[in-house]
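Structure assessment
So you can see what is in the structure, the chains are spelled out below.
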Amino acid sequence: MNASPQATASLRVPVVQLPHGLGLPLPAFQTAGAAGLDLQAAIASDEHITLGKSERALVPTGLALQLPEGYEAQVRPRSGLAVKFGVTVLNAPGTVDADYRGEIKVLLINHGSGPFVITRGMRIAQLIVAPVTLAELTIVAELAPSGRGDGGFGSTGA
């Protein structure tokens, strides 16, 4: 299905399909309410990548983007791969900056109990395009109090 989500705005993003990605469809929203575009593995059709337990690999997508200034792309895990196989994006979310023009690659890791085989065209991650807010950090003597204070790492419950 090549549906598009009910977004508040649309954004044209120029994309170059690199030679090893030719023949693969461009990333697409899989449902009308999806926020992420599915990225596919752009490896040769007669090859595969096998991730053993605890192994990681940088998987090519065959795509390079020209994000507009003021935007980023995030590479996030696919929940299906995580729940079924224990495979996820190691540096989740990976950040693609607006001034980056190289190939998008996905750093996958296998936390599963057995080997995981990646083949050409397999949907391996999601790509989310989002606006960037540039924070200006300002030194202050103290922070305003809050109900939570400095409690972290499970301080609000299990």
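Residues numbered from 1 in each chain as written. Predicted model: local features only at pLDDT ≥ 70, side-chain atom pairs only at ≥ 80, totals over all residues. Heavy atoms only, no water.

For the rest of this paragraph, the subject is the pairing of strand E4 (residues 56-65). In terms of burial, E4 is largely enclosed, as eight of its ten residues are buried. Pairing between strand E1 (residues 15-17) and E4: three bridges, direction antiparallel. Each residue of the ladder has a partner; that of Gln-17, found in E4, is Leu-63. (Buried < 20%, exposed > 50% of the residue type's maximum accessible area, 1.4 Å probe, protein only. Helix = DSSP H or I, 4+ residues; strand = E, 2+ residues; numbered from the N terminus. Pairing = 2+ DSSP bridges.)

Moving on: empty space enclosed by the protein. By the definition in use, this model includes one cavity of 30 Å³ or more. Quantified by volume, the largest cavity comes out at close to 60 Å³. In this structure, the largest cavity is lined by Gln-17, Gly-21, Leu-24, Pro-25, Pro-27, Asp-38, Leu-39, Gln-40, Thr-61, Gly-62 and Leu-63. Those elements that provide at least two residues to the lining of the largest cavity are strand E2 (37-40) and E4. Taken together, the residues of the lining of the largest cavity break down into five nonpolar, five polar and one charged. (1 Å grid on protein atoms, 1.4 Å probe; cavity = no way out; pocket = protein on both sides within 12 Å on 5 of 7 lines; lining within 4 Å. Points joined across faces, edges and corners; volume = space filled by probe spheres on them. Nonpolar A, V, L, I, M, F, W, Y, C, P; charged D, E, K, R; others polar.)

On to the environment of Gly-114, then. Relative to the assigned elements, Gly-114 resides in the loop between strand E8 (103-110) and strand E9 (116-118). Each C-alpha atom of the pair Gly-114 and Leu-51 lies 8.6 Å from the other, and the pair is 63 residues apart in sequence. In this view, Gly-114 contacts Leu-51 and Lys-53; residues no more than four positions away in its chain are not counted. (Contact = heavy atoms within 4.5 Å.)

Glancing now at the pattern of salt bridges. The full count for this structure, using the stated rule, is two salt bridges. Taking the shortest distance from any N to any O, the salt bridge between Arg-78 and Asp-38 comes out at 3.9 Å. Highlighted residues: Arg-78 in the loop between strand E5 (71-76) and helix H1 (79-85) and Asp-38 in strand E2, separated in sequence by 40 residues. By the burial criterion, Arg-78 is buried, and Asp-38 matches it. Two residues, Asp-38 and Arg-123, come together in a salt bridge whose shortest N-O distance is 2.6 Å. Here Asp-38, found in strand E2, pairs with Arg-123, found in strand E10 (residues 123-131); they are 85 residues apart in sequence, far enough to count as distant. Looking at Asp-38, the relative accessible area reads 7%, which means it is buried. (Salt bridge = Lys/Arg side-chain N within 4 Å of Asp/Glu carboxyl O.)

The next thing to look at is the packing of aromatic side chains. In this structure the tally under the stated criterion is one aromatic pair. Note on Phe-85 and Phe-116: the rings are 5.1 Å apart at their centroids and 50 degrees apart in plane angle, and the pair reads as tilted. Residue Phe-85 is found in helix H1, and its partner Phe-116 is found in strand E9; the two are separated by 31 residues along the sequence. (Phe/Tyr/Trp six-rings, centres within 6.5 Å; stacked < 30°, edge-to-face > 60°.)

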